[in-house]
Amino acid sequence: GYLARSAFKLLQMQNKYKLIKPGASVLDLGCAPGAWLQVACQSLGPLKNGGAVVGIDLKKVKVPSVHCDSRVQTVCADVTNFPKGQARALSPKGKGFSVILSDMCPLVSGVTTKDAALSIELGMRALDLAIGTPDLPVQDDDICEEKQSDGPSSEADENGILRPGGNLVIKLLESEDVQEFSQICKSRFKKSALLRPKATRSSSREIYLICQDLR
Ligand code: SAM
């Protein structure tokens, strides 16, 4: 079985949008306890199709024994200060990922506006990793990071690590900012949608931004 009910959210998205194609390379941000790793690996199809699933979480995650195989690996790290070049290096041949998923959520304080703002921040980080966000104000530490890196990949890293034609899923907590956030994505992807999965608890304000086919 699956490690968490969150599996059914990704399964619903996968059934509806076919986000993960056989042999895809998937980056799963906020992967603990590992249910999305299971669904992602299943979606790759048989081992001979190839593909890869890389999960990152603040918590240490053991690759699930069910529905996962040698194509799955996990990294224990904070996505908010994980260098883009390092994330790219985790992709097959360093060529980037064809699918990036973020189910990250902040530690909820219970203060609705605060939690929503934190979730937008995490979402922005996922978006920056995926497609780069040149038109958004950069944080000071990001600037430092860019000044320090002057390797051949530093210029390309501003563009993000999602391959052209790639798909992106980002969990957000509902607020007015969600519309603005989805507008940023609309121009960069051929298709985008907001979905509240059936497996989401009725008390939860979570919503998933699904972007397909990066231009
Ligand atoms: N998709 C997962 C699954 O199906 O098993 C469930 C993910 S859970 C809802 C959210 C995860 O995001 C938590 O495990 C949390 O540790 C992680 N997270 C939150 N902020 C993070 C960050 N800055 N870096 C990495 N992981 C983070």
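Above this note sits the structure.
Predicted model, so just to flag it, every value in this text is computed and none were measured. Throughout, a residue's number is its position along its own chain's written sequence, starting from 1. Confidence filtering applies because this is a predicted model: local features only for residues at pLDDT of at least 70, side-chain atom pairs given and counted only at 80 or more, and all residues used for totals across whole chains, interfaces and linings. Excluded from the side-chain calculations are hydrogens and water; all other atoms, namely the structure's heavy atoms, are used.

Visitor: Looking at this structure, I do not really get the site of the ligand. What am I missing?
Guide: Close to the ligand lie 20 residues, the nearest being Ser 6, Ala 35, Asp 57, Asp 78 and Asp 103. We define a polar contact as two N or O atoms separated by no more than 3.5 Å, with the added condition that, inside protein, one atom must be a possible hydrogen donor and the other a possible acceptor, whereas residues neighbouring each other in sequence contribute only through side-chain atom pairs. Contact distances for the ligand include 3.4 Å between an oxygen atom and a backbone N or O atom of Ala 32. Residue Ala 35 places a main-chain N or O atom 2.9 Å away from an oxygen atom belonging to the ligand. All accessible areas in this document rest on Shrake-Rupley with a 1.4 Å probe, and a residue is counted as covered only by the protein chains that are shown. Burial of the ligand by the protein chains amounts to 88% of its free accessible area of 600 Å². Throughout this entry, Asp, Glu, Lys and Arg are counted as charged residues, while Ala, Val, Leu, Ile, Met, Phe, Trp, Tyr, Cys and Pro are counted as nonpolar. The remaining residues, Gly among them, count as polar. The residue makeup of the shell around the ligand, split by class, is eleven nonpolar, four polar and five charged. Any residue with a non-hydrogen atom lying within 4 Å of a molecule or strand is treated as near it.

Visitor: I tried to follow the environment of Asp 213 on my own but got confused; where do I start?
Guide: Each helix is a run of H or I in the DSSP string that is no shorter than four residues. Each strand is a run of E no shorter than two, and both are numbered from the N terminus. For Asp 213, the position within the fold is in strand 7 (residues 206-214). In this structure the C-alpha to C-alpha distance between Asp 213 and Gly 166, which are 47 residues apart in sequence, comes to 5.1 Å. If we ignore the near neighbours within four places in the chain, the residues touching Asp 213 are Gly 165, Gly 166, Asn 167, Arg 188, Phe 189 and Lys 190. Note on contacts: a residue pair qualifies if any of its non-hydrogen atoms lie within 4.5 Å across the two residues.

Visitor: When you look at the environment of Ile 100 in this model, what are you seeing that I'm missing?
Guide: Mapped onto the elements, Ile 100 comes out in strand 4 (residues 97-102). Between the alpha carbons of Ile 100 and Ile 20 there is a distance of 9.6 Å; along the sequence they are 80 residues apart.

Visitor: Is there a simple way to explain the pattern of salt bridges in this structure?
Guide: It is possible for side chains bearing opposite charge to pair when their charged atoms get close. We define a salt bridge as a side-chain nitrogen of Lys or Arg found within 4 Å of a carboxyl oxygen belonging to Asp or Glu. Counted according to the given criterion, the structure contains seven salt bridges. Asp 69 is paired through a salt bridge with Arg 71; the nearest N and O atoms lie 2.7 Å apart. Exposure classes here rest on a 1.4 Å probe applied to the protein chains alone. A residue is buried below 20% of its type maximum, exposed above 50%, and partly exposed in between. Note on Arg 71: relative accessible area 10%, which makes it buried. The shortest N-O distance in the salt bridge between Asp 128 and Lys 84 comes to 3.2 Å.

Visitor: Hey, could you run me through the sheet that holds strand 4 in this one?
Guide: Strands in a sheet are paired, the pairing made by backbone hydrogen bonds, and the direction either parallel or antiparallel. Taken in spatial order, the seven strands of this open sheet run 3-2-1-4-5-7-6, and their pairing is mixed. Of all strands in the sheet, those with a lone pairing partner are strand 3 (72-76) and strand 6 (189-195), marking the two edges. The average undirected angle you get between the axes of adjacent strands in this sheet is 15 degrees. Pairs of strands are assigned from DSSP output, requiring at least two bridges between the strands. Strand direction decides the pairing type here: strand 5 (residues 162-173) and strand 7, joined by six bridges, are antiparallel. The residue of strand 7 that forms the bridge with Val 169 is Ile 210. Between N-to-C directions, angles span 0 to 180 degrees; the directions come from axes that are lines fitted to C-alpha atoms, helices contributing only their stretch in contact. The strands touched by helix 2 (residues 35-43) are strand 1 (25-29), strand 2 (52-57), strand 3, strand 4, strand 5 and strand 7; relative to strand 2, the strand with the most contacts, the crossing angle is about 170 degrees. On top of the sheet, helix 4 (residues 112-131) reaches strand 1, strand 4, strand 5, strand 6 and strand 7; it is set at about 175 degrees to strand 5, its chief contact.

Visitor: Even after reading the chapter, I still don't get the pairing of strand 1, so can you show me in this structure?
Guide: Each regular strand shows side chains that alternate between the opposite faces of the sheet. Across the five residues of strand 1, five count as buried, placing the element largely inside the fold. Residues Ser 25, Leu 27 and Leu 29 point to one face of strand 1 and Val 26 and Asp 28 to the other, with burial holding for every one of them. Bridge count for strand 1 against strand 2 is five bridges, and the pairing is parallel. Bridged to Val 26 within strand 2 is Val 53. Each parallel crossover has a hand, and the one from strand 1 via helix 2 to strand 2 is right-handed. Direction of pairing for strand 1 relative to strand 4: parallel, over a ladder of four bridges. For crossovers, right-handed means that the path from the first strand over the helix to the second runs clockwise, given strands pointing away from the viewer.

Visitor: Got a minute to help me understand the nonpolar core in this structure?
Guide: For soluble globular proteins, nonpolar side chains are generally found buried alongside one another. Side-chain atoms within 4.5 Å link the members of a nonpolar core, which is a set of buried Ala, Val, Leu, Ile, Met, Phe, Trp, Tyr and Cys residues. In this structure, Leu 29, Ile 100 and Leu 168 are the most contacted members of the largest nonpolar core, which totals 32 residues. Looking at this core, the elements that each hand over two or more residues are strand 1, strand 2, strand 4, helix 4, strand 5, helix 7 (177-186) and strand 7. At seven residues, the largest contribution of residues to this core is made by helix 4. When sequence neighbours within four positions are dropped, the list of residues in contact with Leu 168 reads Ile 100, Leu 127, Ala 130, Leu 162, Phe 189, Leu 209, Ile 210 and Cys 211.

Visitor: Which parts of the structure should I look at to understand helix 2?
Guide: Along an α-helix, a turn takes 3.6 residues, which lines up residues three or four apart on a common side. With eight of nine residues buried, helix 2 lies mostly within the body of the structure. Among the residues of helix 2, those classed as buried are Ala 35, Trp 36, Leu 37, Gln 38, Val 39, Ala 40, Cys 41 and Ser 43. In the segment just after helix 2, Gly 45 is the residue with positive phi, at about 85 degrees.

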